[in-house]
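For reference, the chains in residue letters:
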Amino acid sequence: SGQPNIYSIFMGISSKLLNENGELIFITPRSFASGNYFKAFRELFFNTVQIDKIHLFNSRKDTFNRDSVLQETVIIKAINEPINPNKQVIISSSLGIKDIFEPTVKYFLSSELIHMESDEKILHLPTNDKEESILNLVTSWKNNLIDYNIQISTGPVVSFRSWDYIQNNYQNGTVFLAPLFWLHNVNKMFLEWPITSKNKGQYIKIVDSSKSILIPNKNYIFLRRFSTKEDKSRLIASPYFCNYAKSNFIGVENKLNYIYRKNGHLERSEVAGLCALLNSELFDTYFQIFNGNVNVSATELRGMKIPTLNEIKEIGNKIILTNDYSMENVNKIVNSYFEFKNILI
């Protein structure tokens with residue numbers, strides 16, 4: 001089924017080769033835990049074997065630094081036995097190899113880590129009390145983006161296919177131009193545009209042949225599809241309000257996701273509130289419980305549970321009224337709203 005990484009093929013085949021009550025142990029990247037690429041693998045694996053123990057290494061670089069391996073790594077032990085949602089699973093964690101014999105240990109039911117009735121069968125891996133509390137909070141929410149008629153899509157402008165339309169400088173009169181937003185324009189809670197950058201033109205032509213890769217100028221949330229190794233957060237989002245540019249269209253490059261209401265407009269309070277949640281420590285911690293790579297998948301975000309729309313609007317209104325879009329204020333509002341201040345501190 002087009003598996004992108006051979007380690008998952010070894011794991012899948014091994015699970016099928018086990019005798020009854022046979023065991024397997026693998027040291028692998030943790031990227032199989034989520035994402036559309038490994039969906040078919042998770043469907044096979046978690047319906048074949050029962051997870052018994054998992055050990056996580058919290059450092060990307062300390063675990064196998066002798067071999068220059070930079071990877072989020074797990075050790076997973078599974079058993080060929082009947083699938084039992086009430087089976088106790090041990091999750092331990094250490095920074096690297098040196099402290100592996102003094103791990104942090106947590107106990108969970110299998111059903112708390114994998115929702116077998118879901119399509120994605122994402123594996124959640126909380127390693128401490130804070131992450132466990134956030135997981136319990138998020139899983140108590142009932143709705144996702146689609147329930148509020150909110151969609152997430154990937155930016156349609158693929159730069160190497162669109163060079164004929166992309167421009168560095170603004171021209172007035174002879175050529176109609178729309179703003180073009182790239183990954184490096186998007187920061188937590190604010191959009192930095194235009195930016196002078198080589199091969200990252202900040203404008204795109206509005207012509208008949210380019211309109212298929214432009215989107216209407218409406219209220220959006222821009223979200224980076226990738227985080228770098230230097231980024232402390234996986235989720236980096238900025239609000240975009242339609243009065244930002246005097247244009248009927250805008251361009252969004254392919255390394256960005258954009259969040260929007262398909263048949264209508266996102267209200268300003270919805271944009272500010274949802275953007276605040278995505279950038280918050282609460283959501284970033286939750287995202288890293290199941291996401292083991294630098295990619296931010298639209299599929300994962302569509303499936304994430306979020307608060308009620310009224311709660312999202314209230315958070316947005318508080319941020320708009322304070323006119324303070326700093327992360328300090330965002331986390332203060334979000335944490336106090338969900339009474340998570342003590343846990344997060």
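Whatever comes next refers back to the structure up there.
Going along each chain's sequence as written, the residues are numbered from 1 onward. Whole-chain, interface and lining totals are the exception, using all residues; otherwise, since this is a predicted model, local features are given only for residues with pLDDT of at least 70 and side-chain atom pairs are given and counted only at 80 or more. The side-chain figures draw on all heavy atoms in the structure; neither hydrogens nor water molecules are used.

### Digging into the packing of helix 8 (residues 309-322) against helix 9 (residues 327-337)
Basically, it comes down to this: Orientation is described by lines fitted to C-alpha atoms, with helices fitted over the stretch in contact, and by angles between N-to-C directions that extend from 0 to 180 degrees. What counts as a helix is a DSSP run of H or I of at least four residues, what counts as a strand is a run of E of at least two, and both are numbered from the N terminus. It is the rotation of the near helix from the far one that decides the hand of a crossing: anticlockwise by less than a right angle makes it left-handed, clockwise makes it right-handed. Contact definition: two residues touch when any of their heavy atoms are within 4.5 Å. Throughout this entry, Asp, Glu, Lys and Arg are counted as charged residues, while Ala, Val, Leu, Ile, Met, Phe, Trp, Tyr, Cys and Pro are counted as nonpolar. The remaining residues, Gly among them, count as polar.
The N-to-C vectors of helix 8 and helix 9 enclose an angle of 145°; their axes lie 10 Å apart at closest approach. Every pair of crossing elements has a handedness; the one defined by helix 8 and helix 9 is right-handed. Where helix 8 abuts helix 9, its residues Glu311, Glu314, Ile315, Lys318, Ile319 and Thr322 lie against Asn329, Val330, Ile333, Val334 and Tyr337. Here the contact of helix 8 with helix 9 is composed, by residue class, of six nonpolar, two polar and three charged.

### Looking at the side chain of Ser159
You can see Ser159 is positioned in the loop between strand 6 (150-154) and strand 7 (166-167). Leave out the neighbours within four places in its chain, and Ser159 touches Ile166, Trp182 and Glu253.

### Focus: the state of the cysteines
Heads up, the condition is: Note on terminology: pairs of cysteine sulfur atoms within 2.5 Å are recorded as disulfides. The cut-offs for exposure are 20% and 50% of the maximum accessible area for each residue type, with area from a 1.4 Å probe on protein chains only; residues under the lower value are buried, those over the upper are exposed, and the others partly exposed.
Scanning the model with the defined rule gives zero disulfides in all. Looking at Cys242, it has no disulfide partner, and the nearest cysteine sulfur is the one in Cys275, 15 Å off. We classify Cys275 as buried; its relative accessible area is 0%.

### With respect to helix 2 (residues 39-46)
What counts here: This arc describes the spread of directions from the helix axis toward the C-beta atoms.
Those residues of helix 2 lying buried are Phe41, Arg42, Phe45 and Phe46. Summarising the axial view, the buried residues of helix 2 lie within an arc of 105°, below the 170-degree limit, and thus occupy one face. Among the structural elements, helix 1 (6-17), strand 1 (23-29), strand 2 (50-57) and strand 3 (73-79) are those in contact with the buried residues of helix 2.

### Quick notes on unusual backbone geometry
Look at the link from Trp193 to Pro194: it is a cis peptide, with omega at -5°. Mapped onto the secondary structure, Pro194 falls in the loop between strand 10 (190-191) and strand 11 (203-205). The backbone phi angle of Asn149 is positive, close to 60°, even though this residue is not glycine. Checked against the element boundaries, Asn149 lands in the loop between helix 4 (129-140) and strand 6. Overall, the relative accessible area of 31% leaves Asn149 in the partly exposed class.

### Description of the packing of aromatic side chains
Put simply, the test is: Pairing of aromatic rings covers Phe, Tyr and the six-membered ring of Trp, with a centre-to-centre limit of 6.5 Å; geometry is then stacked below 30 degrees between planes, edge-to-face above 60, and tilted otherwise.
The full count for this structure, using the stated rule, is 23 aromatic pairs. With a centroid separation of 5.5 Å and 50° between ring planes, the pair formed by Tyr170 and Tyr203 is classed as tilted. Here the residue Tyr170 occupies a position in the loop between strand 7 and strand 8 (177-181), and Tyr203 occupies one in strand 11, the gap between them amounting to 33 residues. Tyr203 sits in the buried class, given a relative accessible area of 12%. Look at Phe181 and Trp193: their rings are 5.7 Å apart centre to centre, the planes differ by 50°, and that puts the pair in the tilted class.

### Concerning the sheet that holds strand 15 (residues 249-252)
For the record, the criterion: Being paired, for any two strands, means DSSP has found at least two bridges between them.
What the five strands build is an open sheet, ordered 7-11-8-15-12; its pairing is mixed. One side of each edge strand has no neighbouring strand; the edge strands of this open sheet are strand 7 and strand 12 (215-216). Sheet topology note: the strand 12/strand 15 ladder contains two bridges and is antiparallel. Bridge pairing links Ile215 to Ile250 in strand 15.

### Quick notes on empty space enclosed by the protein
A probe matching the size of a water molecule, rolled over the atoms, marks out where space remains unfilled. So the rule is basically this: Grid points spaced at 1 Å over the protein atoms alone were grouped into cavities, where a 1.4 Å probe fits but cannot get out, and pockets, open sets with protein on both sides within 12 Å along at least five of seven lines, with lining residues defined by an atom within 4 Å of a point. Grid points are joined across faces, edges and corners, and a volume is the space filled by probe spheres set on the points.
Applying the stated rule across the entire model yields one cavity of 30 Å³ or more. Its volume calculated, the largest cavity comes out at about 50 Å³. Around the largest cavity, the lining residues are Leu145, Ile259, Leu274, Leu278, Phe283, Leu301, Met304 and Ile306. Taken together, the residues of the lining of the largest cavity break down into eight nonpolar, no polar and no charged.

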